[in-house]
Amino acid sequence: GVSAEASALVNPRVMYSIYKFMWAKADNKESKKNALLGLEKYCGSLEERHTSSNNFKDTHSTKQLLGRCILKVAKWSVITHEEEKKEVPWGKIIALQRKATELRPTYYKAWHSWALMNYQSVQNEGKGEKSKSANTSVHVVDAVKGFFKSLELGKSRPMGDILQDTLRLLTIWFNNGENDELNDEIENGLKQVSVDTWLVVIPQLIARIHTKYPRVNQLMHDLLCKVGQVHPQALIYPVTVASKTSSSQRREAATKIIKEMTKSDQALVDEANLVSQEVIKLSITWHEAWHEGLEEASRLFFGEKDVEGMLLILTDLHLELDKATSNEETKYGFSSVRNISFLHCYGSDLEQANEWLLSFKKSRRMGDIHQAWALYYQIFRRITKQLNNLDKIELQHVSPLLLNAKGLKLAVPGTYRAHAPIVQIEAFSNSMDVIVSKQRPRKMTIQGSDGVDYPFLLKGHEDLRQDERVMQLFGLINALLAQDRTASKSKTPMSIRTYSVMPLSNNSGVIGWVPECDTLHSLVKQYREARQIRLNIEHKLMAQFSNGCYDKLPLMGKIEVFERTRQQTKGEELAKMLFLRSNSSEIWLGRRTNYTKSCAVTSIAGYILGLGDRHPNNLMIDKQSGKIVHIDFGDCWEVCQTRSKFPENVPFRLTRMMTHAMEVAGLKGSFRSDAEAVMRCLRENRDSVTAMLEAFVHDPLISWRLLAEAEAGGEGAGGAGDEVGGGAGGDSV
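For clarity, every value in this text was computed on a predicted model and none was experimentally measured. (Residues numbered from 1 in each chain as written. Predicted model: local features only at pLDDT ≥ 70, side-chain atom pairs only at ≥ 80, totals over all residues. Heavy atoms only, no water.)

1. Focus on helix H24 (residues 537-545)
Applicable threshold: The classification of residues rests on relative accessible area computed with a 1.4 Å probe and restricted to protein chains. Under 20% of the type maximum is buried, over 50% is exposed, and intermediate values are partly exposed. Strands here are runs of E lasting at least two residues and helices are runs of H or I lasting at least four, both read from the DSSP assignment and numbered beginning at the N terminus. Working definition: the arc comes from the directions between the helix axis and the C-beta atoms, pointing outward to the latter. In what follows, residue pairs with any heavy atoms lying within 4.5 Å of each other are defined as contacts.
Of the positions making up H24, those classed as buried are Glu538, Leu541, Met542 and Phe545. With its buried residues spanning 100° around the axis, H24 presents them on a single face. Elements that come into contact with the buried residues of H24 comprise helix H23 (520-530), helix H25 (555-568) and helix H29 (656-660). Just past H24, the residue Asn547 takes up positive phi, approximately 55°.

Next up, the structure:
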């Protein structure tokens, strides 16, 4: 330690640095304890100096330093108690931090630390307890007060800090909505902080647009109306989606906000409704709705013998069809040429099948249902044939209203930035390309008012709200890496490629097009086809070595076949394609470095997120930079590890094809050092990351989906077996 006499002679700031150095260099618990006790004693001497001095300048600097010292004592106390596995004295720690806020009322770190400690205290007291004590209520209110103050003082702080405080504030508010004192504090706090603060958490606000607490609902309404007045472009899309939800309370709450926005900008609201309705119709046409519906109904009836489930699906489709024939609005449109054509081709057959269905409901004769399915089967075959030939959709045939929408006030999805020029929608392109895959997404182009064409991927049959939250997390990780001293000093900065995701309903939305990218599957396919190598060569060899009985072999037999197949194939396709597509060795080396770094960052981020289903069609490589780009985030939270078929027991995808494409040292070179740097950065900023992940867990819109997928077991798309060539082999070897 340092003697009292010596410390009195040394400059106070130097003395503070000495104690910090002692703590940093401490290699055992005793050394850390000595540093802590020394700083505690020094805080006492600083306090005496502060109260006894008559010099204002000296008093002010001492006061500033004392605040920092007290914060450090509180932080070290928590660490030492946790290391010694003793109960943390929350009351003492919070009192110290409160004292720091009184000494330095405009110091962001003091308010943030005090708020965070109150928050952690609430979390610890709440574990396993159903009732909330009076002490907990005090901590709840103090946490909110502290977070609001840190948001007010931290306007210039990095995005990670602001997002962390905002998310924790919302979490504690939504978990304690019945507390009147807390709601009073929220009401006061909303007047203090800038409206811009809430732009980064709009998805979380919309998710709680209606709760069981009337006061919370009113405050949320006031907050969203305030955001809608200042930043209508940021709110109009999400609130329009909420107004179309199946929940009547959420729909009513969203409609009230839209009415308030209408008062200030009627044209913008009308345009948002038009674009949203028409784009949703474009995402799922009548042909696709019936194709998907008949497929699901067939699975329920013939596969699971679930007659009622089948009837529910078919009845809903027929009700929509009845609306169309009576010229009522439907979720798939009614007035377009394509939908009129559908009614002309299939209307009478579907009507006849519906009569057999109605007959079955009355008589419960299985003969009637089989008569209906004889018709449905013929309809399904004809629709399938039509859909297989569908490669382009003309807007004039499907959505003339969207085609005629020109010079809108509405911003291009995903482009709005606060206090920056707004890129408005000038027009929609005349046609959309249909991408060949199971869900048949479309490539849609929007012309912006800045003269730039903005391509988007329009997806139906899929809830994109979870993808939107994942992009939020990736944005936070990028911000943390940019702040990190080690990561930001690198010649090629580490980051994750993000893109805009805009849900339009609970089963459709648009995703910003990621240009100049190839999937790993397409790269391997190009390489093998050019050299007349079978795409599923590994699968073929495994079948050959096992005489077609691979699944029946014992474990050791499967391993032997697997190893023999590995020896027969090299798995260098990805590495070769990276080399062949580079115009010079310098470009190739740069792309290879970017590829390795991006693999490291995305692997660690995916591990933290519990991301699965990373088959070669969900991983892309940027043609220019060589960076890995991930798409499709439907399987998060380790749900792939719990499914019954092909459970994924690996933290992230790192097959030999991916490893061979890395730098010369492979996994032991920059991949390992960068992965460790990312993990260290995220651990150091675990409060920010945890705040974001907690917001996911508490989000009522996605929690049901996570549970449903976990219970569903093994039916995730692709999975461990969805490799190059579509079999058990491919890139898995």
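Next, the rest of the story.
2. Quick look at the nonpolar core
To keep things clear, this is the line we draw: Here, nonpolar core means buried Ala, Val, Leu, Ile, Met, Phe, Trp, Tyr and Cys residues that are tied together by side-chain atoms lying within 4.5 Å of each other.
With 157 residues, the main nonpolar core has Trp198, Trp290, Tyr376 and Tyr595 as its most contacted residues. Apart from residues lying up to four places away in sequence, Trp290 is in contact with Leu317, His318, Leu321, Phe342, Leu350, Tyr376 and Ile383. Ranked by size, the runner-up nonpolar core spans 31 residues in total, among them Met15, Cys69, Leu71 and Trp111.

3. A closer look at the pairing of strand S5 (residues 453-460)
So the rule is basically this: Here, strands pair whenever DSSP counts at least two bridges between them.
In terms of burial, S5 is largely enclosed, as six of its eight residues are buried. With six bridges connecting them, strand S4 (residues 442-448) and S5 associate as antiparallel partners. Looking at the pairing, Lys443 lines up with Leu457 of S5. Between S4 and the antiparallel strand that follows it, S5, lie four residues; Gly451 among them carries a positive phi value of about 85°. In this sheet, strand S7 (residues 508-512) lies alongside S5 in antiparallel orientation, the contact comprising five bridges. Bridging from a neighbouring strand, Leu457 pairs with Ile511 of S7.

4. So, the layout of surface pockets
The test is simple: Only protein atoms enter the 1 Å grid used here, on which a cavity is any set of points holding a 1.4 Å probe that cannot leave and a pocket is any open set flanked by protein within 12 Å on both sides along at least five of seven lines; residues with an atom within 4 Å of a point are listed as lining. Grid points are joined across faces, edges and corners, and a volume is the space filled by probe spheres set on the points.
By volume, the second largest pocket is sized at about 1800 Å³. If you trace the second largest pocket, you find 37 residues lining it, with Lys75, His112, Glu684, Asn685 and Asp687 closest to the centre. Taken together, the elements giving at least two residues each to the lining of the second largest pocket come down to helix H2 (12-25), helix H4 (56-83), helix H5 (90-103), helix H6 (108-126), helix H8 (159-175), helix H30 (670-684) and helix H31 (686-698). Broken down by element, the lining of the second largest pocket gets its largest block of residues, nine residues, from H6.

5. Side note on unusual backbone geometry
Glycine aside, a negative phi is what most residues show, and trans is what most peptide bonds show. Positive phi values are uncommon outside glycine, yet Glu516 reaches one of about 55°. In this structure Glu516 comes out as partly exposed when scored by relative accessible area, which is 43%. In this structure, Asp613 is a non-glycine residue whose phi angle is positive, near 60°. Summarising the element assignment, Asp613 is placed in the loop between helix H27 (585-609) and strand S9 (619-622). Residue class for Asp613 comes out buried when judged on its relative accessible area of 3%.

6. A word on the pattern of salt bridges
What counts is decided by this rule: In what follows, salt bridge is the name for a side-chain nitrogen of Lys or Arg lying within 4 Å of a carboxyl oxygen of Asp or Glu.
Under the criterion given, the structure shown has 26 salt bridges. A salt bridge links Lys92 to Glu40; the nearest nitrogen and oxygen atoms lie 4.0 Å apart. Remark: Glu40 occurs in helix H3 (residues 29-52) and Lys92 occurs in helix H5; sequence separation between them is 52 residues. The exposure class assigned to Glu40 is partly exposed, which follows from its relative accessible area of 27%. With its nearest N and O atoms 3.1 Å apart, the salt bridge here joins Lys409 to Asp265. Residue Lys409 is found in the loop between helix H20 (400-403) and strand S2 (425-428), and its partner Asp265 is found in the loop between helix H13 (248-264) and helix H14 (266-283); the two are separated by 144 residues along the sequence. Accessibility expressed as a relative area gives 35% for Lys409, which makes it partly exposed. A relative accessible area of 18% means that Asp265 is categorised as buried. Shared partners join several salt bridges into a network, and the residues in it are Asp184, Glu187 and Arg215.

7. Some remarks on the sheet that holds strand S10 (residues 628-630)
Operational definition: Simply put, an axis is a line fit to the C-alpha atoms, just over the touching stretch for a helix, and the angle between two N-to-C directions goes from 0 to 180 degrees.
Strand order across the open sheet formed by three strands is S8-S9-S10, with antiparallel pairing between neighbours. Each of the sheet's edge strands pairs with one partner strand only, and the pair in question is strand S8 (517-519) and S10. Neighbour-to-neighbour, the strand axes of this sheet turn through a mean angle of 35°, independent of strand direction. In this sheet, S10 lies alongside S9 in antiparallel orientation, the contact comprising three bridges. By the bridge assignment, Ile621 is partnered in S10 with Ile628.

8. What to know about a positive patch on the surface
Operational definition: Put simply, a patch holds well-exposed residues, over 30% relative accessible area, that have no salt bridge, with like charges counted together within 9 Å and Val, Leu, Ile, Met, Phe, Trp or Tyr side chains within 5 Å. Shrake-Rupley sampling with a 1.4 Å probe provides the accessible areas, and residues are treated as covered by the protein chains on show and by no other component. Here Asp and Glu are counted as negative and Lys and Arg as positive; His is not counted, and neither are the chain ends. One atom stands in for each charge, and that atom is NZ of Lys, CZ of Arg, CG of Asp or CD of Glu.
Together, Lys20, Lys75, Lys109 and Arg686 line one region of the surface with positive charge. Along the polypeptide, Lys75 turns up in helix H4.

9. Here's the deal with the packing of aromatic side chains
For clarity, the threshold we go by: Centres within 6.5 Å are what make two rings of Phe, Tyr or Trp a pair, Trp counting through its six-membered ring; a difference in plane orientation under 30 degrees is then read as stacked, over 60 as edge-to-face, and the rest as tilted. Remark: a charge is flagged as sitting over a ring if the NZ atom of Lys or the CZ atom of Arg is within 6 Å of the ring centre and within 35 degrees of the ring normal.
Counted by the stated rule, this structure contains 13 aromatic pairs. Between Tyr119 and Phe147, the aromatic rings sit 6.2 Å apart at their centres with planes inclined by 70°, giving edge-to-face as the arrangement. Of this pair, Tyr119 sits in helix H6 while Phe147 sits in helix H7 (residues 134-153), and the two are 28 residues apart along the sequence. A single burial state applies to Tyr119 and to Phe147, both of which are buried. With centroids separated by 5.3 Å and ring planes inclined at 90°, the aromatic side chains of Phe579 and Trp588 adopt a geometry described as edge-to-face. For Phe579, a relative accessible area of 47% gives the class partly exposed. Each residue in the set Phe301, Phe302, Trp373 and Tyr376 is aromatic and connected to the rest through ring pairs, giving one cluster. Over the aromatic face of Tyr527 sits the side chain of Arg531, whose NZ or CZ is 3.8 Å from the ring centroid. Stacked on the ring of Trp588, the Lys or Arg Arg592 has its end atom at 4.6 Å from the ring centre.

10. A short note on the environment of Phe148
Mapped onto the secondary structure, Phe148 falls in helix H7. Classification of Phe148 as buried rests on a relative accessible area of 2%. Each C-alpha atom, one on Phe148 and one on Asp165, is 8.1 Å from the other, the two residues being 17 residues apart in sequence. Contacts of Phe148, omitting those with residues within four sequence positions, involve Leu169, Glu185, Ile186, Gly189, Leu190, Gln192, Val193 and Trp198.

11. Overview of the pairing of S9
Taking every second residue as pointing to the same face, both faces of S9 are buried, with Leu619 and Ile621 on one and Met620 and Asp622 on the other. Pairing analysis gives three bridges linking S8 to S9, with the strands arranged antiparallel. Within S9, the residue paired with Asp518 across the bridge is Ile621. The antiparallel pairing of S9 with S10 creates a hairpin that spans five residues between the two strands, and Gly626 there sits at a positive phi of about 85°.

12. As for a nonpolar patch on the surface
Among the surface-exposed residues, Leu555, Met556 and Ile559 lie close enough to one another that they form a single nonpolar patch of about 340 Å² accessible area. Relative to the helices and strands, Leu555 resides in helix H25. When its relative accessible area of 61% is taken as the criterion, Leu555 is described as exposed.

13. With respect to the confidence of the model for the chain
For clarity, the threshold we go by: Every residue carries a pLDDT, the predictor's confidence in it, which falls somewhere between 0 and 100.
Looking at the chain, pLDDT values average 81 and 88% of them are 70 or higher. Residue range residues 329-334 is modelled with pLDDT below 50. Its contacts to residues more than four positions away, or to other chains, number 25 contacts. Segment residues 703-733 is flagged for pLDDT under 50; beyond a separation of four residues in sequence, or across chains, it makes 70 contacts in the model.

14. Describing the environment of Ser508
Relative to the helices and strands, Ser508 resides in strand S7. Taking C-alpha positions, Ser508 is 6.5 Å from Ile280, a pair spaced 228 residues apart along the chain. Here Ser508 is in contact with Ile280, Ser283, Lys459, Gly460, Glu462 and Pro503, once residues within four sequence places are set aside.

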